[in-house]
Amino acid sequence: MMTELTRRSFLKQGSLVIAAAVFSGHVKLFNASPAAAATARAFKPHAFLEIAADDTITVWVGQTNLGQGTHTGIPMIIADELDAAWDKVRVKMALAAEPFKDPVWHVQVTGGSTSIRHRWDMLRKVGAAARRMLVEAAAENWGLPAGECGTKDGRVLHPKGRSLTYGQLSEAAGKRSVPENPTLKDPKNYTIIGTSRQRLDIPDRVMGKTVYGMDFSVPGMCVAVVARPPRYGASFQSYDEKAAMAVKGVIKVVPLDGGIAVCADTTYAAMRGRDALGVTWSKGSHPDLDDATVDAVFADHLEKDGAVARASGDVDTAMAGAARTIERSYKLPYLSHAQVEPLNCTAHVEKERCRVWSPTQGQTFTQNTASRLTGLPAEKVEVVTLPAGGGFGLRAEQDSVVYSVVLSKALNRPVKVINSREDDFANDCFRPASQCRIKGGLDKDGRVVAYAHKVAAPSVMSRLMPEAVQGGVDPDAVSGIRDIVYSIPNLLVNYVMVNLPIPVGWWRSVGYSVNVFTIESFMDELAHAAGKDPVQFRLDHMEQESRAYKVLSFLAEKAGWGSPVPDGRGRGVAVASCFESFAAHMAEVSVGERGEITVHKVVCAVDCGTPIYPDAIRAQAEAGVVMGLSVAFHERVRFENGGVKTANYNEYRVLTMSEVPDIEVHIMERILKPGGIGEPVLPSVAPAVANAIFKATGVRLRELPFQRELLVPGGRDQASATAGG
Amino acid sequence: MIEFKVNGMNRQVDVDQGIPLLWVLRDTLGFTSVKYACGISECGLCTVLIDGQARRSCAVTVEDVQGREITTIEGLPENHPVKVAWIQKQVPQCGYCQPGIMLQTVDFLSREPNPSEARINHVLDNVICRCGSHPRIKQAIRAAAAMTAHKGG
């Protein structure tokens, strides 16, 4: 089902092809049908939609398929505006190409929950334009004004009951020009948007037919693994090439910038060859780096003033005049992506072209990387995006692209570079760790009059998009705080950039995954101090009828907030807004005598604008709860001797089946521009659980992952004694 | 030369005896539905059935399967209750973990055709799905069990 786009598809007679071409930065829809004027094809537009004579409708998607549902959601939008018969719709993965770049960000990238929210207008226009052309073709055929013809289920309807299928009309429609501003449907007439279709890519996945990057092969290909420094800043001093070459199946050992590659006939031979290298490494730049030193660096930075990320009102005066102030500190660890399919990339560099097959989340980055390394222009670099076994942001990184292109050049054959699981952990670009201090001032009525939040954290954007860092402020590091969902008259946000050799990168929901935990924990502490109900306290600090207000109210209603809580249990809530969507969670927990935490139930409420594909929204929301609990209970990358200590899943637990609670998802019915979904459903999970634990036990957990020992009577002293030693 | 069956077909491979079955299935025989993710028997994604029993192919050497019968996900018929249930409940997200988890489920249901929630949680507690499809895996196991019971009855 997922095959690449080829220009041959344009040559099929009797098809209507709506393509897109880029003119001075603007995506323009284009008629690329065989029947269209020959000049049209000279622009080499890339197809978005093709309607073939046999009624088959093909939609090309430029977004990486990570199983998030956009490879069904995007076709659903086009098909609805087209009035297509859904069972005729197929989806294909597009190559890296200008028209598939994000219309807002101008790069082809799958991240920031943008796939649909940045393409909503464009996708609807594609479907509506094709529909218009088909109607005009039918009207001409029947000698009627177009306005008298309707459409339904892949047919144009004659007012007297006759009809023609889109396939029958495709050739005639292919001769028409593409309307620039076709009329879009009234949302009340949607027949596909808002319904839950079977995801188009699921049968192949269940049958074991999906070819992920790790599974990909081309004739003549060899497999390579790269020995990389076990410590930051280390370089190799010696290695035994002969021993590696003596391993059956090893073809070549290639020293690279920053590592040594072993290329072999098979994956196993490459891995054994690498073991045989017996590399000795230098001490590296930070040989003393370990968990304790890293922790101390953050703590030191938290004492600095940092850059002002937002200042409104007068926090100092308001704090001084407050009836009561509270100050709390919170701590979060580095997290690994831990996506199940290790990073990999296959490349074949030839004289006139370079082909790259990769489960990349950043097609444009991949194309540019290969172009830079080969000296070929970008249009000579063909990037085929393969289905990805998870990504969560990591697949925007280009290391495996670099290695595979360099090695293909060196060996003059296709090379697949793969990471082992240990490589993935050791070389991950982690979700930044963070320490913060928040101070709040309450007036005599229990209203927050002042809020000061200082974050010490590494900067993702300094490496990935340095131009986004202005005045010492990385916008990702303070996301959620700067754009806090509460109306607080006096607000101060400070950011202290932590510079360590540990690379950090995009990780599901980025800065929100950190800051929503601390904000929503602190808001709960304030509510408690003010003697207010946690939901009412939050609502009291939101603009009435704002979307955050509504989603929290909706959650409270659906979760039965205020109804009796079973004995021994506590309930907590948290709310967040990011990526143009709004989510809130309610967790119900109990805590056993030995500090064991049981999450009985999590209720999620989400407002992501018009819900396009409710079952995919639901799946993402369920997954957000699972990942959020995983982060709350288990996840933490450890460091020692100047490098990453965590090596495999046995040292990086993720949530497993017995820990997954009942999950309820409630989606608000909205008619608004769609927001993101993959990321917005994550950040408010962990704080909802921490807040529920407080209700159940009176103990406030201010560090992730949760330290269970704090929940055992006397555990607080024990824990601080341990931390001191 | 080591001989065994994969999905009912005889296979002969000329490889070192100590190579993990995982790599022989993937690289030598092309059964790429058998996934590599950890290599230390921790995640369950490389699970295959050996004479009907779920085994992690990264922890089994190829010589261990001499003369035995291996089933990968392709070896289950398309209308197998586990496959049908996995589609019906729309289980996979990225789907990379699912073949291994489905095969472990096949073995599980063959021994316990009508498992309780607690047994599902216990038996499937040793597999990793990073996308978080767990709630749907649980539903699909129950649906597959119901289908099997219906057919059997």
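Residues numbered from 1 in each chain as written. Chains lettered and ligands numbered in written order. Predicted model: local features only at pLDDT ≥ 70, side-chain atom pairs only at ≥ 80, totals over all residues.

This part takes up the overall build of chain B. On a plain count of helices and strands, chain B comes out with 5 helices and 5 strands. Going from N to C terminus, chain B has its helices and strands arranged as β-β-α-β-β-β-α-α-α-α. For 153 residues, the compact-globule estimate of 2.2 N^0.38 gives 15 Å, and the C-alpha radius of gyration of chain B, at 15 Å, lies within 12% of that figure. Among the 153 residues that make up chain B, the fraction classed as buried is 56%. Nonlocal contacts in chain B, meaning residues at least 24 apart in sequence, comprise 64% of its contacts between residues at least 6 apart. (Helix = DSSP H or I, 4+ residues; strand = E, 2+ residues; numbered from the N terminus. Rg over C-alpha atoms; globule rule 2.2 N^0.38 Å. Buried ≥ 20, exposed ≤ 12 C-beta atoms within 10 Å, placed from the backbone. Contact = placed C-beta atoms within 7 Å.)

The next point concerns the overall build of chain A. In terms of regular secondary structure, chain A is built from 19 helices and 28 strands. For 725 residues, the compact-globule formula gives about 27 Å, and the C-alpha radius of gyration of chain A, at 28 Å, lands near that figure. Considering chain A as a whole, with its 725 residues, one finds that 56% of them fall into the buried category. By sequence separation, contacts in chain A at least 24 residues apart represent 76% of the contacts at least 6 residues apart.

All names here are of chain A. Taking 1.5 Å per residue, 13 residues should reach 18 Å; helix 11 (residues 399–411) reaches 18 Å between its end C-alpha atoms and fits that length. Of all the positions in helix 11, only S400, V401, V402, Y403, S404, V405, V406, L407 and S408 are classed as buried. In the segment just after helix 11, N412 is the residue with positive phi, at about 55 degrees. (Expected span 1.5 Å × (residues − 1).)

A word on the packing of helix 10 (residues 363–374) of chain A against helix 11 of chain A. Residue and element names in this part refer to chain A. Running from N to C, helix 10 and helix 11 cross one another at 35 degrees; their axes reach a closest spacing of 10 Å. Crossing handedness for the pair helix 10 and helix 11: right-handed. On helix 11, the residues that touch T366, T369, A370, L373 and T374 of helix 10 are V401, V402, V405, V406 and K409. Considered class by class, the residues forming the contact of helix 10 with helix 11 number 6 nonpolar, 3 polar and 1 charged. (Axes fitted to C-alpha atoms, helices over the stretch in contact; angles between N-to-C directions. Left-handed = near helix turned anticlockwise from the far one by under 90°. Nonpolar A, V, L, I, M, F, W, Y, C, P; charged D, E, K, R; others polar.)

Let us now look at the domain arrangement of chain B. Many descriptions give the size of an interface as the accessible area lost when the pieces come together. Residue and element names in this part refer to chain B. As far as domains go, chain B holds domain 1 (2–75) and domain 2 (81–152). A straight line from the C-alpha centre of domain 1 to that of domain 2 covers 21 Å. Counting residues at the interface gives 13 residues for domain 1 and 14 residues for domain 2. Breaking the side of domain 1 that touches domain 2 down by element, the ones donating at least two residues are strand 3 (47–50) and strand 4 (53–56). (Domains from an automatic or database assignment.)

Okay, the interface of chain B and chain A next. At the junction of the two partners, chain B supplies 40 residues and chain A supplies 43 residues. When contributions to the side of chain B that touches chain A are tallied by element, the ones reaching two or more residues are helix 1 (21–28), helix 2 (81–88), helix 3 (98–111), helix 4 (117–123) and helix 5 (134–152) of chain B. When residues of the side of chain B that touches chain A are assigned to their parent elements, the largest contribution, 3 residues, is made by helix 2 of chain B. The residue inventory of the side of chain B that touches chain A, partitioned by class, reads 20 nonpolar, 13 polar and 7 charged.

This part covers the domain arrangement of chain A. Residue and element names in this part refer to chain A. According to the domain assignment, chain A consists of domain 1 (7–204), domain 2 (213–282 + 343–418) and domain 3 (293–333 + 430–719). Each partner contributes to the interface: domain 1 provides 18 residues, whereas domain 3 provides 21 residues. In terms of residue count, helix 2 (residues 70–82) provides more of the side of domain 1 that touches domain 3 than any other element does, 4 residues in total.

Residues and elements named next belong to chain A. Buried residues dominate strand 18 (residues 381–385), accounting for 4 of its 5 residues. As judged from the 5 bridges shared by strand 17 (residues 354–358) and strand 18, these two strands associate in the parallel manner. Residue pairing for strand 18: S358 is matched across the bridge by T385. For the handedness criterion, the β-α-β arrangement of strand 17, helix 10 and strand 18 is classed as right-handed. (Pairing = 2+ DSSP bridges. Right-handed = clockwise from strand over helix to strand, strands pointing away.)

Residue and element names in this part refer to chain B. Its place among the elements puts Q53 in strand 4. With 12 C-beta atoms counted inside 10 Å, the residue Q53 sits in the exposed group. Taking the C-alpha atoms as reference points, Q53 and A145, separated by 92 residues in sequence, lie 18 Å from one another.

Residue and element names in this part refer to chain A. A sheet is described by the order of its strands in space; here 7 strands give the open sequence 11-12-9-19-16-17-18, paired in mixed fashion. Each having just a single partner strand, strand 11 (250–256) and strand 18 make up the two edges of the open sheet. Recorded for the sheet is a direction-independent mean angle of 20 degrees between the axes of neighbouring strands. Set on the sheet, helix 10 makes contact with strand 16 (344–349), strand 17 and strand 18; between it and strand 18 the angle comes to about 145 degrees.

Residue and element names in this part refer to chain A. Residue placement: G393 occurs in the loop between strand 18 and helix 11. Measuring from C-alpha to C-alpha, the distance between G393 and R431 comes to 9.7 Å, with 38 residues separating the pair along the chain. Ignoring any residue separated from it by four or fewer positions in sequence, one finds G393 in contact with G111, H337, Q361, G505, W506, W507 and R508.

Backbone torsion omega between L704 of chain A and P705 of chain A reads -10 degrees, so that peptide bond is classified as cis. Topologically, P705 of chain A is positioned in the loop between helix 18 (685–697) and helix 19 (715–724). The phi angle at S41 of chain B is positive, at roughly 65 degrees, despite the residue not being glycine. Tracing the chain through its elements places S41 of chain B in the loop between helix 1 and strand 3. A count of 17 C-beta atoms within 10 Å places S41 of chain B in the partly exposed class. Backbone geometry places D51 of chain B, a non-glycine residue, at a positive phi of 50 degrees. Along the chain, D51 of chain B falls in the loop between strand 3 and strand 4.

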